[in-house]
Amino acid sequence: MSKTARWRSAALPIASTALVLALAGPAAASAPAAATATTTAPESAPETAPDARPDAAGPRVPATSTNRPVGTTSARLVDRDRPDPWRPDTPSRELMVTFWYPTDSARGAHAPYLSKELSTALYGTDAPAGVRTGAVAGARPAPGRHPLVLLSPGFGLSRTTLTALGEELAARGYAVAVVDHTYETLVEFPGGRIEPCLVCGREGTDPDFGATASRARAADLRFVIDRLTAPGGRGPVRGLAVDPGRIAAAGHSLGGAAALEAMGEDRRIRAAANLDGTVWIPPTGLRSRPVLLFSAQLGGSPGATGNWEDSWKRLTGPRYWVDLPAAGHLSFSDEHWVVDALGSRDQLPADSGPDLFGTVRGERALAATRAYLGAFLDRHLLGRPAPLLDRPSRAFPEVRFAK
């Protein structure tokens, strides 16, 4: 696998390692390794993870583009009809999912970004746990059926790295579910149990790993749809109703590949977006449904575009390929703006910073990601005008149309 393909799929452990170094400096060398850190808790942990107000001193998730309040909760979901793909001896697939959704009240404690324990296990420091979110923990969902967007993070990255994107989409009126794909990153379950990344490292030795992981993640996303559209309103979030006719999937890196695969397998998914991820399975079965490709540094680099060029030719529906040349691979996740907010970017290894973060500021990359993904979803789930997708924009002159 080429270097480009590896980091485009977030398969390089350097992604998390770089953030460890940026946040914790030399002390991170003595921190527990992300692929092996684990704690245990009773299997009878409650179904829903607790929420609490985070420390008030840390940076805040950038404000959304609307003033609509957002609620959030996290839940443990168990697919008892499917063995775990990474632990065949485990008869059920266990997932942690965070939900964001519109709410009518901004009153209440804001949800934590992540726990100090998970932050330390992932990054070697509890500094990211001080990030303040904009979503109210456990708020009652606004009435009515909401269009649903499923999000999948990059390989080795926590679901928390899509918090800013989740809050933005919920503020636009969408119900959002971001999935932690167990054993592909550290995952904290209710009661404080942290499961390790069992497969970190396999991406460099198994040529079929990307395709295997894409299929496993697609099955995770489809299961979450099943739970959220269960008859009788018995979904995992009390009072949250989703519109089964308006569902999309999106993801960063390997999560973007999984979003395309999930749409190919599931006709309920009407649109899909891939944020800078190598496509491991040629897109098929999409039935002319729309696809957004959003890349970093790809538009002007023909040698790096072969994977997406092949995928582009296979897309028969509305298709969009935009590029942010000044961005890096992690610019589509929270990892970029968090590093900037904590003032730690200059501590990155010189040879990793450009690929991971480019030269753009994290908040600016986030604004572009929010705007273009939001426009794509608004057009294809809600039928709203989205001129941002049709031509270069004065609001985002740094974004280019690769196709």
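Just above, that's the structure.
All values reported here derive from a predicted model rather than from experimental measurement.

Analysis parameters
Residues numbered from 1 in each chain as written. Predicted model: local features only at pLDDT ≥ 70, side-chain atom pairs only at ≥ 80, totals over all residues. Heavy atoms only, no water. Pairing = 2+ DSSP bridges. Helix = DSSP H or I, 4+ residues; strand = E, 2+ residues; numbered from the N terminus. Contact = heavy atoms within 4.5 Å. Axes fitted to C-alpha atoms, helices over the stretch in contact; angles between N-to-C directions. Phe/Tyr/Trp six-rings, centres within 6.5 Å; stacked < 30°, edge-to-face > 60°. Buried < 20%, exposed > 50% of the residue type's maximum accessible area, 1.4 Å probe, protein only. Parallel < 35°, antiparallel > 145°, perpendicular 65-115°, else oblique. Left-handed = near helix turned anticlockwise from the far one by under 90°. Nonpolar A, V, L, I, M, F, W, Y, C, P; charged D, E, K, R; others polar. Salt bridge = Lys/Arg side-chain N within 4 Å of Asp/Glu carboxyl O. Expected span 1.5 Å × (residues − 1). Core = buried A, V, L, I, M, F, W, Y, C linked by side-chain atoms within 4.5 Å. Right-handed = clockwise from strand over helix to strand, strands pointing away.

Novice: Any chance you could explain the sheet that holds strand β4 (residues 132-137) here in plain terms?
Specialist: Working definition: the strands of a sheet are paired by backbone hydrogen bonds and lie parallel or antiparallel to each other. In space, the 11 strands of this open sheet follow the order β3-β4-β1-β2-β6-β5-β9-β10-β11-β12-β13, with mixed pairing throughout. Sheet topology places β3 (110-112) and β13 (400-401) at the edges, where each strand pairs with a single neighbour. In this structure, strand β9 (residues 241-252) lies alongside strand β10 (residues 269-275), joined through 6 bridges in parallel fashion. Bridging from a neighbouring strand, Ile247 pairs with Ile269 of β10. Relative to strand β5 (residues 145-152), helix α5 (residues 209-228) is tilted by about 160°, and along the sheet it contacts β1 (70-79), β2 (93-102), β5, β6 (175-180), β9 and β10. Strand contacts of helix α6 (residues 254-265): β5, β9, β10 and β11 (291-296), with the helix running at about 160° to β10, the strand carrying the most contacts.

Novice: Explain the packing of aromatic side chains to me, please; I cannot follow it from the model alone.
Specialist: The description of an aromatic ring pair rests on the distance of the ring centres and on the angle between the ring planes. By the definition in use, this model includes 9 aromatic pairs. Ring plane angle 25° and centroid distance 5.5 Å describe the contact between Trp86 and Phe209, whose orientation is recorded as stacked. Linking Trp86 in the loop between β1 and β2 with Phe209 in helix α5, this pair joins segments that are 123 residues apart in sequence. Take Trp86 and Phe209: they sit in the same class, and that class is buried. Summarising the aromatic geometry, the rings of Trp312 and Trp321 are spaced 6.0 Å apart at their centres and angled 50° between planes, so their arrangement reads as tilted. Comparing Trp312 with Trp321 shows no difference in burial state: the two are buried.

Novice: Is there a simple way to think about the packing of helix α4 (residues 163-171) against helix α10 (residues 362-382) in this case?
Specialist: Relative placement of two packed helices is described by the angle separating their axes and the distance separating the axes. The geometry of α4 relative to α10 is characterised by a closest axis approach of 10 Å and an angle of 45° between their N-to-C directions. Taken as axis vectors, α4 and α10 run oblique relative to one another. Note on packing geometry: the crossing formed by α4 with α10 is right-handed. Contact with α4, carried on its side by Ala164, Leu165, Glu168 and Leu169, involves Leu366, Thr369, Arg370, Leu373, Gly374 and Leu377 of α10 and no other residues of that element. Classifying every residue of the contact of α4 with α10 gives 6 nonpolar, 2 polar and 2 charged.

Novice: Would you mind going over the pattern of salt bridges with me for this structure?
Specialist: Side chains that differ in sign of charge can pair as their charged atoms come close. Enumeration according to the criterion identifies 24 salt bridges in this entry. Arg82 serves as the salt-bridge partner of Asp79, at 3.1 Å between the closest nitrogen and oxygen. Among the residues examined, Arg82 registers a relative accessible area of 15% and is labelled buried. As a salt-bridge pair, Asp220 and Arg93 come within 2.9 Å of each other at their nearest N and O atoms. On the criterion of sequence distance, the pair formed by Asp220 in helix α5 and Arg93 in strand β2 is long-range, its members being 127 residues apart.

Novice: Help me understand α6, please; the structure alone is not making it clear to me.
Specialist: One full turn of an α-helix is made of 3.6 residues, so residues set three or four places apart face in the same direction. Relative to the 16 Å expected for 12 residues at 1.5 Å per residue, α6 spans 17 Å between its end C-alpha atoms, a close match to the ideal helical length. Every buried residue of α6 is accounted for by Leu254, Gly255, Gly256, Ala257, Ala258, Ala259, Leu260, Glu261, Ala262 and Met263. Check the buried side of α6 and you find it contacts β5, α5, β9, β10 and β11.

Novice: Just checking my understanding: could you explain the environment of Pro62 for this structure?
Specialist: Along the chain, the position of Pro62 falls in the loop between α2 (14-24) and β1. Sequence separation between Pro62 and Leu165 is 103 residues, and the spatial gap between their C-alpha atoms is 9.7 Å.

Novice: Help me understand the nonpolar core in this model?
Specialist: Across soluble globular proteins, you tend to see nonpolar side chains buried next to one another. With 41 residues, the main nonpolar core has Phe294, Tyr372, Leu373, Phe376 and Leu377 as its most contacted residues. Listing elements by their share of this core, those giving two or more residues are β5, α4, β6, β9, β10, β11, β12 (319-324) and α10. Excluding residues that lie within four positions of it along the chain, Tyr372 makes contacts with Leu292, Phe294, Val322, Leu388, Leu389, Ser393, Phe396 and Val399. Counting residues in each nonpolar core, the second largest holds 36 residues, with Tyr101, Val224, Ala249 and Trp308 among its members.

Novice: Would you mind going over the pairing of β10 with me for this structure?
Specialist: Successive side chains on a regular strand alternate, one facing one side of the sheet and the next facing the other. The buried fraction of β10 amounts to 6 of the 7 residues, a majority that puts the element mostly inside the structure. Between the parallel elements β9 and β10, the chain passes through α6 in a crossover that is right-handed.

Novice: What should I look at first to understand the packing of α5 against α6 in this one?
Specialist: It is at 8 Å that the axes of α5 and α6 come closest, and there the two elements cross at 65°. The interaxial crossing formed by α5 with α6 has right-handed handedness. In this structure, α5 contributes Gly210, Ala213, Ser214, Arg215, Arg217, Ala218, Leu221 and Arg222 to the contact, and α6 contributes Leu254, Gly255, Ala257, Ala258, Ala259, Glu261, Ala262 and Glu265. In terms of residue class, the contact of α5 with α6 is made up of 8 nonpolar, 3 polar and 5 charged.

Novice: Teacher, can you tell me more about the pairing of β1 here?
Specialist: Along β1, 10 of the 10 residues are buried, which leaves the element largely enclosed by surrounding structure. Here β1 shows two buried faces, one formed by Val70, Thr72, Ser74, Arg76 and Val78 and the other by Gly71, Thr73, Ala75, Leu77 and Asp79. In this sheet, β4 lies alongside β1 in parallel orientation, the contact comprising 3 bridges. For Thr72, the partnering residue across the bridge sits in β4 and is Ala137. Note that β1 and β2 share 10 bridges and pair antiparallel. For Ser74, the partnering residue across the bridge sits in β2 and is Thr98.

Structural measurements only, silent on function.
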